[in-house]
Amino acid sequence: MAFKTVFIAQCTWCRSWKTYNLIKQVNTKLFTYVVKNQNEAIKVCKDLYEKEKIESVLLCPGFTHKDVAEIFEALES
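Just so we're clear, the structure is a prediction, and the values are computed from it rather than from any experiment. The numbering scheme is per chain: residues are counted from 1 as the chain's sequence reads. The predicted origin of the model limits local features to residues at a pLDDT of at least 70 and limits the giving and counting of side-chain atom pairs to 80 or more, whereas totals for whole chains, interfaces and linings rest on all residues. Processing note: side-chain calculations cover all non-hydrogen atoms of the structure and skip hydrogens and water entirely.

With reference to specific residues and values, describe helix H2 (residues 65–76).
With 12 residues, H2 extends 17 Å between its outermost C-alpha atoms, agreeing within 8% with the 16 Å of an ideal straight helix rising 1.5 Å per residue. Two residues form a contact once any of their heavy atoms are found within 4.5 Å. Strands here mean DSSP runs of E at least two residues long; helices mean DSSP runs of H or I at least four residues long; both are numbered from the N terminus. Packed against the buried residues of H2 are strand E1 (3–10), helix H1 (38–52) and strand E4 (56–59). Take the number of residues in a helix, subtract one, and multiply by 1.5 Å to get its expected span.

Next up, the structure:
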């Protein structure tokens, strides 16, 4: 079974979070997304958790501690 993780970068002028990249190796799947805002980041995380059962979320330094907490809480519920 592959280890699944997502890297999310925040960019206010990006087009849409629906554009992403997937890197697949034998035992790893790495999803990368660029989102416009915190709401899109939460949606991406929730969608990937439901569909892919991601095990790890990596965020760019543009996310605040509050943003990280909101994402964590969204995945807990």
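The rest of the description comes next.
Could you give an account of the sheet that holds strand E3 (residues 28–35), naming the residues involved and the relevant values?
Two strands qualify as a pair provided that DSSP identifies no fewer than 2 bridges between them. One open sheet holds the four strands; their spatial order is E2-E3-E1-E4, and the pairing between them is mixed. Strands at the two margins of the open sheet, each flanked by one partner only, are strand E2 (20–24) and E4. With direction set aside, neighbouring strand axes in the sheet form an average angle of 15 degrees. Axis geometry follows a simple rule: fit a line to the C-alpha atoms, using only the stretch in contact for helices, then measure angles between N-to-C directions, giving values from 0 to 180 degrees. This element, H1, spans E1, E3 and E4 of the sheet and lies at about 155 degrees to E3.

Run through the nonpolar core, naming residues and quoting values.
Generally speaking, nonpolar side chains in soluble globular proteins are found buried as a group. Residues grouped as a nonpolar core are buried Ala, Val, Leu, Ile, Met, Phe, Trp, Tyr and Cys residues, joined through side-chain atoms within 4.5 Å. Summary of the burial criterion: residues with accessible area below 20% of their type's maximum are buried, those above 50% are exposed, and those between are partly exposed, where the area comes from a 1.4 Å probe applied to protein chains only. Residues Val 6, Ile 8, Tyr 33, Leu 48 and Phe 63 are the most contacted members of the largest nonpolar core, which totals 16 residues. When residues of this core are assigned to their parent elements, the largest contribution, five residues, is made by H1.

Which residues make up H1, and what values go with them?
Given a rise of 1.5 Å per residue, 15 residues ought to cover 21 Å, and the 20 Å separating the end C-alpha atoms of H1 matches this to within 8%. Burial in H1 covers these residues: Gln 38, Glu 40, Ala 41, Ile 42, Val 44, Cys 45, Asp 47 and Leu 48. Among the structural elements, E1, E3, E4 and H2 are those in contact with the buried residues of H1. In protein, a polar contact requires one atom able to donate a hydrogen and another able to accept it; more generally it is a pair of N or O atoms within 3.5 Å, and residues adjacent in sequence count only if both atoms are side-chain atoms. Measuring from the side-chain oxygen of the N-cap residue of H1 to the backbone nitrogen of Asn 39 gives 3.2 Å; that N-cap residue is Asn 37. Just past H1, the residue Lys 53 takes up positive phi, approximately 55 degrees.

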